[in-house]
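# Structural overview for review
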Amino acid sequence: MGALEKMTRVIDDRHGYAKGWRERTGGRIAGYLCTYVPEEILYAAGVLPVRILGSHEPEDVTAPYVYGMFCTYCRDTLAQGLLGRYDYLDGLIHGYCCIHIRQTYDSWLRHAPVPFSYLLYVPDHIESDRAIPHLVSHMGQMKVAVEEWTGKPITNEALSAAIEVFDTNRRLTQKLYDLQKGNPPRFAGVDILKVVLASQLMDKVEHNKLLEELLAEASQLPPQEESDVRLMLIASEVDDVEFVELIESLGATIVVDDNCVGTRYFLGEVGNSAEPIAALAERYARGKPLCPIKDISTRERSRPPHVVGLATDYGVQGVIFARNKFCDPHEYDTPAIIKALGEKDIPSIVLECDIVNPLGQFRTRVEAFLEMMRVEAL
Amino acid sequence: MVDPIATVAQTKPEWKKPGEYEVKPLETWGKIKEVRRKHAKNIWTAKQEGKVTILGLVDMASPLPAGLGEVAVFTLGPNFGRIMDDNALAAQCCEAAEAKGFGPDTCATLRAQLGSIYLGFHNLSRSGERIPLDFCLEMHVCIAQSKIAREMSDHYDIPYHMVEIPGWTDPASQEYFASQMDDAIHWMEKVTGRTYNDELLIEATHIDWRNRVLWARILELTRHVPSPIDLRMIGSMNVMLQVGKTRSADLTPVLEELLAELKDRVANNIAALGVEKVRLIHEGQWPQFSCGSWAPGVILRVGVPYGAVFVAGRNAFNIYAAWEVLENGSWRAANNLEEQGITLKDRGDALRSIARLYSEYWPNAVEMQLAPRVKHLMALAKDWHADGVVFNLDRSCHGVTPGMLESRPILQKMGIPSMVYEASYCDPRDFDRPKVEEGFESFLEGMGLSREAA
Ligand code: SF4
Ligand code: SF4
């Protein structure tokens, strides 16, 4: 079985993997809801951080708690909690970010209590110099809370070792993305999505091994020759594998993304430091690409140039915005990003994703979009 | 210090006759309107008077710009009342923002304002002059607000700066808040070329505490049965505080007079409405359009023929008042700086004091964590002797709506019925008035009320 297949299995049986990990290691498992949670602190305490993802199945359990006009990701993830799919969690951790997902966190704890929970404050004015010491102090408080929960001190050595494991993961993932810069790209975008998804579900040491295997296998894999359009996916939190498969089935490859379960998750290393918490704060505030919630500090927006930079680096011809329904933070950024892409003659379309995506309708729109690009290329 | 609450009835009395009370017009109204008019006019004359004009969407940390001297702050914009008075114009504004890519599920309050920019009249006076804006200082609590403030700053090509009000109230968070305000002062000096006057900041901070405490004491009196004023009146008074800003010295005598008058009404059982059979809380923003922002609340009138009076609202009470939040989630009017024996000596003192006022004494800050919202509402319902709660599940506001549904089963356990309606605070296209009214009437009938009874 190839590395990719192994990762796909983990995605398909994510709960089985987590429970198996606990049996093997005796460690605890903490679910987390946002990429601003410094997983390294948990990992250093012997806790497996597991990203809570939706299931993309219709749900009818969240309506009493969450307004229907809250984003699809927040309702889908809460449904997983309420349905008991994550009943094995020892902890639930959240990083202060969007208010929709904060509702998920609050409702989850009310109706599907978890032995340990922690809401880490992550300043929104994250680009301000004042935010860093503040984040350091809050991360320090989180560390203490995790120590009390697990009954074990988290030493600087353990933290540095965890950081190194995570940074290795980031470096290896970047190598995969680098292969997408070639023409034709080496992987289908859906494979890359699976890699990042698996990384958020697995023990990073195990995932790093699979990444190394995958990189070794890469030269034997046939490049994506059938595809003639290089796309970028700009998404809220879009982990719907079928949706990405649909886009690529129309003759395009997603060569890069700005997605909560893509580059916004893994880009930016922490690095070696004698002050690991400070280094973590620096990475989560400055090192990773900003989520729309945090891109509010200055009139010069951070996201449009960042996204255009990625599009240029990866030779992107068109962009698909996959915005979760009712995800207003991304919606507020969309006009400025479309404008910035337009200035580089990069066309885009906006698709509104639901818990269960209307794939037939999307097919028609994406086909027309790709057709338009092909005509223009002639 | 005398606890103002001590003079207020703590338990709901048996209805004497069917809750009928004496009513009389509020004597302070004239002064409230006068000061409101004066401040609303200030914006139009600001530039001729050499004032600094500031775009900023949140009414928080009100003393911060005071050190620049005379300032005029846009908040919702000087034409907001006009937009809300005219449903067609409100819809047109929302559509103009939608045409630029801000979809109908983004905040309608902001779409209405942004649309007025795109339609070219946001800063335009009725006589045709434009008010140039100097900069945008955004006090960040709501992501939508900050994003749109930046959009507006882009449009006007003015410098933009933000200060985050953290959702945590511990000393480190207050320090973070204060240090950002210090940065904002340096930034304002840079962009205006003015020297910031710390004395003015200190004075404004004392006044701000005083006014916000007075306002909380006024609101506290609505715990009395019958309530001396209702939420419609409070909405109108909120407009005075919004245009006047709580740091303004001329608000103090008006608030003091209002407080004295209301204490007198409480002592003599003079009510907001002649029949107060049921006391309601309104959660979330009520629709602002249809009857204009100067007389807010079509929804707040529906219960009147039934003897249902809106006496409180977490959001309506939160904006301009200084509350001490007790362990059980109850709100009590805070003490002002003089009563606390605090004299501010320098900028650092003032900024820390503002940070304290707008985090520890502003329940909205900690409510950003959501869980406290439910706790606070339960306490409000108990303390204000509420018989029912009405929620506006605002379709476009993602700042206020969270926490609402979670409160309902808890209220139910407390024996307090609740209802929800859906509307957009500022988008009349999203308001099905007959349906909302019908739902509301059934709710009241379910509580055993009938039109005739009032
Ligand atoms: S940023 Fe968007 S997708 Fe993510 S939780 Fe918030 S509303 Fe949902
Ligand atoms: S709190 Fe609600 S109404 Fe106010 S700006 Fe935010 S989203 Fe809009």
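Residues numbered from 1 in each chain as written. Chains lettered and ligands numbered in written order. Predicted model: local features only at pLDDT ≥ 70, side-chain atom pairs only at ≥ 80, totals over all residues. Heavy atoms only, no water.

This part is about unusual backbone geometry. Note the cis peptide between asparagine 183 of chain A and proline 184 of chain A, where omega equals 0 degrees. Position of proline 184 of chain A relative to the elements: it lies in the loop between α7 (156-179) and α8 (189-201). The residue after valine 225 of chain B, namely proline 226 of chain B, is reached through a cis peptide bond having omega 5 degrees. Relative to the elements of secondary structure, proline 226 of chain B occurs in the loop between α7 (198-220) and α8 (231-244). Look at asparagine 269 of chain B: it is not a glycine, yet its phi comes out positive at around 55 degrees. (Helix = DSSP H or I, 4+ residues; strand = E, 2+ residues; numbered from the N terminus.)

Right, let's get into the domain arrangement of chain A. Residue and element names in this part refer to chain A. Taken domain by domain, chain A consists of domain 1 (3-153) and domain 2 (159-377). Taken together, the contact between domain 1 and domain 2 spans 57 residues of the former and 61 residues of the latter. For the domain 1 and domain 2 pair, buried surface summed over both sides reaches about 5,100 Å², with 65% attributable to carbon and sulfur atoms. Here domain 1 is connected to domain 2 by six salt bridges. The closest approach of N and O atoms between aspartate 129 and arginine 286, which form a salt bridge, is 3.1 Å. (Domains from an automatic or database assignment. Contact = heavy atoms within 4.5 Å. Buried area = accessible area lost by both parts, 1.4 Å probe. Salt bridge = Lys/Arg side-chain N within 4 Å of Asp/Glu carboxyl O.)

Right, let's get into the site of ligand 1. Residue and element names in this part refer to chain A. Taken together, Cys71, Tyr73, Cys98, His100, Ile101, Ser236, Asn324, Cys327, Pro329 and His330 make up all the residues around ligand 1. For the shell around ligand 1, the elements supplying multiple residues, two or more each, are α5 (99-111) and α14 (328-343). Broken down by class, the residue content of the shell around ligand 1 amounts to six nonpolar, four polar and no charged. Here the shell around ligand 1 spans two domains, since at least three of its residues come from each of domain 1 (3-153) and domain 2 (159-377). (Near = heavy atom within 4 Å. Nonpolar A, V, L, I, M, F, W, Y, C, P; charged D, E, K, R; others polar.)

The interface is formed by 54 residues belonging to chain B together with 42 residues belonging to chain A. Roughly 4,200 Å² of surface becomes buried between chain B and chain A when both sides are summed, with 55% attributable to carbon and sulfur atoms. In terms of surface lost to chain A, no three residues of chain B exceed Arg150, His398 and Glu406 of chain B, which account for 17% of the buried area on that side. Applying the counting criterion to the chain B and chain A interface returns eight salt bridges. Aspartate 333 of chain A serves as the salt-bridge partner of lysine 147 of chain B, at 2.7 Å between the closest nitrogen and oxygen. Summed over the shared surface of chain B and chain A, the number is 29 residue pairs in polar contact (both at pLDDT 80 or more). Contributions of two or more residues to the side of chain B that touches chain A are made by α5 (143-156), β5 (160-164), α6 (171-192), α14 (371-383), β11 (388-394) and α15 (404-413) of chain B. Considering only residue class, the side of chain B that touches chain A consists of 23 nonpolar, 15 polar and 16 charged. (Polar contact = N/O pair within 3.5 Å; in protein donor to acceptor, adjacent residues only side chain to side chain.)

On to the packing of helix α3 (residues 87-99) of chain B against helix α4 (residues 108-118) of chain B. Residue and element names in this part refer to chain B. Interaxial distance between α3 and α4 falls to 7 Å at its minimum, and their mutual angle equals 85 degrees. Of the possible angle classes, the one that applies to α3 and α4 is roughly perpendicular. Contacts between α3 and α4 pair Cys93, Cys94, Ala96, Ala97 and Glu98 from the former with Ala108, Arg111, Ala112, Leu114, Gly115, Ser116 and Tyr118 from the latter. A class-by-class count of the residues in the contact of α3 with α4 yields eight nonpolar, two polar and two charged. (Axes fitted to C-alpha atoms, helices over the stretch in contact; angles between N-to-C directions. Parallel < 35°, antiparallel > 145°, perpendicular 65-115°, else oblique.)

This part takes up the packing of aromatic side chains. Summed over all chains, the structure comprises 18 aromatic pairs over all chains. Their ring planes at 45 degrees and their centres at 4.8 Å tell us that tyrosine 177 of chain A and phenylalanine 266 of chain A sit as a pair that is tilted. With tyrosine 177 of chain A in helix α7 and phenylalanine 266 of chain A in helix α11 (residues 263-266), this pair connects stretches of sequence that are 89 residues apart. Like tyrosine 177 of chain A, the residue phenylalanine 266 of chain A is buried in the burial classification. Centre to centre, the rings of phenylalanine 317 of chain B and tryptophan 323 of chain B are 6.1 Å apart; their planes meet at 20 degrees, and the pair counts as stacked. (Phe/Tyr/Trp six-rings, centres within 6.5 Å; stacked < 30°, edge-to-face > 60°. Buried < 20%, exposed > 50% of the residue type's maximum accessible area, 1.4 Å probe, protein only.)

Time to look at the environment of leucine 411 of chain B. By the secondary structure assignment, leucine 411 of chain B is in helix α15. Note: C-alpha distance between leucine 411 of chain B and valine 389 of chain B (22 residues apart in sequence) is 8.3 Å.

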